[in-house]
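# Residue-level structural notes
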Amino acid sequence: MRNFLFKEFCAPNLGADIMEVVAFDSEERESLVPDIPKYIIPRLKIFCGQTTIYYIFENEYIETEWKDMISVHYINTSYQTKRTVMRVHLFRREEMCEEAYLGFFTLRSINDVDLMLSYVYPNWKNIASDLPEKSYIMTYKKSVHICGTELHMYTYPLYVQDSAVTSCSHASMIAMSKYLKGKYHYQCIRIFDMNDSYTYGKKKIYPTLGLDPLQMLEILDSNGIFVDYKTYSDAMQKAVKAHIDFCIESAMPVLLGIHIRNQGEVAEHVIQIVGHTLDSEGEKNYIIYDDSGYYTSYRNHAKAGSFVDIITWKEMKQLLSEGKDYECGFIMYPIHEKVYILYDELRRRHLKSFFDHISGTDEEVQKKTRILLVDNNLVKEYLNDLILKEKKEHDETEDDIEYERIVEEEAGRLLRQNLPHYIWVLEVDNGNGKRSLILADPTLNSATRKNILLSSAVFTVTEGFSLLNDFD
C-alpha cells in the first residue's frame, strides 16, 4: 500500500510513516523520531536549503542492492527486515511538477535507523542554486514515476554504506557504476556478485573490512568497467590534477583514496569527485560525494556530515599526500572501452607541438586549455551548428569567406565520416573570447607514428564543449 499525500518534511512525520512499514519493538519506536535528526536528516542537508520542503512517501519500492544485501547477509542476522525499501520524494512546494521536484532518497526496511539510508538521488537542476558557487556537475537524465505522473530529473546517485556488507569503497563503486549505466550504458555492479569479482587478499567477508585498491581494480575489471589508476606523490601533483580535470570535463567520475587523521588516528576512506565550481578568476574547487559523511563531518567539525561538499585543490593534496605512518593516496577513474591513446600519451606525445606554442607557466597553460573525451554524436551536432553559425554570422571579408569555406569543407567531411565512438577534444583559450578546437582519434595505438588529428583545420569557436550540467 502506498501513501501519496504531501506532508511537511520533518522527523515526526517521517518517523510516523516509517513505523507503518518497519517492525520496531517498543524501545526502538521510542527512539526512532529522536534518531532521525541524528542519522538521516543531516546527510540530506543539500535538500534543505529551502525554508520548508514537502515529501511524498512510498511504502514499498524494489531496490536490487537491498535485496542483495538481505540475501548475502541480513537474512542470517536478528534484524527485522523487509525485501523492499521505502522511497521518499522531496518537493519545494506541494505541487507535482518537475520545477518543484528536488529528488528522492530511499530507506532500507530494517529496524535500525543508522542503517536505513540507502540511495540519494538529488535533482541537481533544482538544488544546485543552494551551492555557494557556480557549479558544473556530471548528471544523467532519469525518469521517475510518482502517483501515475512521470517526472524527469538530472541526477548523480549516491549510495550509502552499511559498514557490514558494504564499505566506502563498495558504495563509491556502486554509485559510480549506476551513473555510468545511466549516462553511457555501462554494466551495473551487483552487490551479490562483488565478493566473487576479486581474489586478491580475501579475508572474512562479513562484516567487511573494506577493499584495497587492487581489490577495487579487480571488481571494476570483472564488471566491464576499465579504469586508470594513479598513486599520488608531491612530484606528480600537477599530473594528478590534470588527470582529475580531464576526467571531470569528460563527465567521468574520479574515485579518491584518501587518508584522514582525526584525533591521532589515521583512517582510510574513498570519496568521489562528481563536478567542480569555478570562481571569477578561473580557479576550480571540486564537488565531492562522501557516502558515509565521515570526511565531510571531519572537515566541517560536525557530528554528522552531508553527503556532498566542495573542497579546494589544496585540501585534496593534503588528503592524498603521504604521512609518516601511511602511504600516499590514489585516484581511480573509468576509461571508455574503445579509447587506446590515453591522456598521458596524448598530452606528452601527440599534442606536444600544440602545447609548446602556448605561452605562460604550467599553471597558466592548464587554465587556458581543456582536454576531454566527447561522444562522436555530440561532436557532429557541434560541427553542424558551427557550419550554420559561420554561414549566418561571418562579416563577408575575404578572410571570413575563406574560413567559412574551410569550416564547411572540413566539418562537412567529418559529418559524413564514420568517426570513432569517442573523440579527444583539445580546447585552447585564445584570450579574445574565442577558442581553438582540435579533434583527435583515440583508437590508434598509443605508440603510433601516424597523425591522430581528425582534421587539418583548427576550428575557431566562441563556446567550447560542455558535458557537465551548468547550474547557477
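About the cut-offs
Going along each chain's sequence as written, the residues are numbered from 1 onward. pLDDT decides what is reported in this predicted model: residues at 70 or higher carry local features, side-chain atom pairs at 80 or more are listed and counted, and totals for whole chains, interfaces and linings draw on all residues regardless. The side-chain quantities take in all heavy atoms of the structure and omit both hydrogens and water. How sure the predictor is of each residue is captured by pLDDT, a score from 0 to 100. Numbered from the N terminus, helices here are DSSP runs of H or I no shorter than four residues, and strands are runs of E no shorter than two. Accessibility here uses a 1.4 Å probe with only protein chains present; expressed as a share of the type maximum, an area under 20% marks a residue as buried, one over 50% as exposed, and anything in between as partly exposed. Polar contact is defined as a pair of N or O atoms within 3.5 Å, subject to the rule that within protein one atom must be able to donate a hydrogen and the other to accept it, and that residues adjacent in sequence are counted only when both atoms are side-chain atoms. Every patch collects residues that have over 30% relative accessible area and no salt bridge, joining them within 9 Å if they carry like charges and within 5 Å if they are nonpolar side chains (Val, Leu, Ile, Met, Phe, Trp, Tyr). What sets the accessible areas is the Shrake-Rupley method with a 1.4 Å probe; for residues, cover comes only from the shown protein chains. Salt bridge, as applied in this entry: a Lys or Arg side-chain nitrogen positioned within 4 Å of an Asp or Glu carboxyl oxygen. Note on charges: Lys and Arg go in the positive column, Asp and Glu in the negative column, and His and the chain ends are not counted at all. Note that the charge is assigned to NZ on lysines, CZ on arginines, CG on aspartates and CD on glutamates. Strand pairing follows a simple DSSP-based rule, namely that at least 2 bridges must link the two strands. Between N-to-C directions, angles cover 0 to 180 degrees, with each direction set by a line fitted to C-alpha atoms, over the stretch in contact for helices. For this classification, under 35 degrees means roughly parallel, over 145 means roughly antiparallel, 65 to 115 means roughly perpendicular, and everything else is oblique. Handedness of a crossing follows from how the near helix is turned relative to the far one, being left-handed for an anticlockwise turn of less than a right angle and right-handed for a clockwise one. Residue contacts follow a heavy-atom distance rule, with two residues in contact if any of their heavy atoms lie within 4.5 Å. Residues are grouped as follows: nonpolar covers Ala, Val, Leu, Ile, Met, Phe, Trp, Tyr, Cys and Pro; charged covers Asp, Glu, Lys and Arg; every other residue, Gly included, is treated as polar.

### A closer look at the confidence of the model for the protein
Averaged over every residue, the pLDDT of the protein is 90; the share at 70 or more is 96%. Within the protein, helix 13 (residues 362–368) has the poorest average pLDDT of any element, 76, and strand 4 (residues 101–110) the best, 98.

### Details of the environment of Tyr-289
Considering the arrangement of structural elements, one finds Tyr-289 in strand 13 (residues 284–289). Given the relative accessible area of 1%, Tyr-289 is considered buried. As for Tyr-289 and Ile-271, which are separated by 18 residues in sequence, their C-alpha atoms are 5.9 Å apart. In terms of polar contacts, Tyr-289 uses its side chain to reach the backbone carbonyl oxygen of Tyr-156, at 2.8 Å.

### Considering a negative patch on the surface
Together, Asp-234, Glu-268, Glu-322 and Glu-327 line one region of the surface with negative charge. Along the chain, Glu-268 falls in strand 12 (residues 265–278).

### Thoughts on the sheet that holds strand 17 (residues 422–429)
If you trace the four strands from one edge of the open sheet to the other, you get 16-17-18-19, paired in antiparallel fashion. Each having just a single partner strand, strand 16 (369–375) and strand 19 (459–461) make up the two edges of the open sheet. Adjacent strand axes in the sheet meet at a mean angle of 30 degrees, parallel and antiparallel pairs treated alike. Across six bridges, strand 17 lies against strand 18 (residues 435–440) in antiparallel orientation. Bridging across to strand 18, Asp-429 finds its partner in Arg-435.

### Describing the packing of helix 8 (residues 237–249) against helix 10 (residues 313–320)
Packed helix pairs are characterised by how far apart their axes lie and by the angle those axes make with each other. Between helix 8 and helix 10, whose axes approach to 12 Å, the crossing angle comes to 115 degrees. With respect to helix 10, the axis of helix 8 lies roughly perpendicular. For the element pair helix 8 and helix 10, the recorded crossing hand is right-handed. Contacts between helix 8 and helix 10 involve Gln-237, Val-240, Lys-241 and Ile-244 on the former and, on the latter, Trp-313, Met-316 and Lys-317. For the contact of helix 8 with helix 10, the per-class residue count stands at four nonpolar, one polar and two charged.

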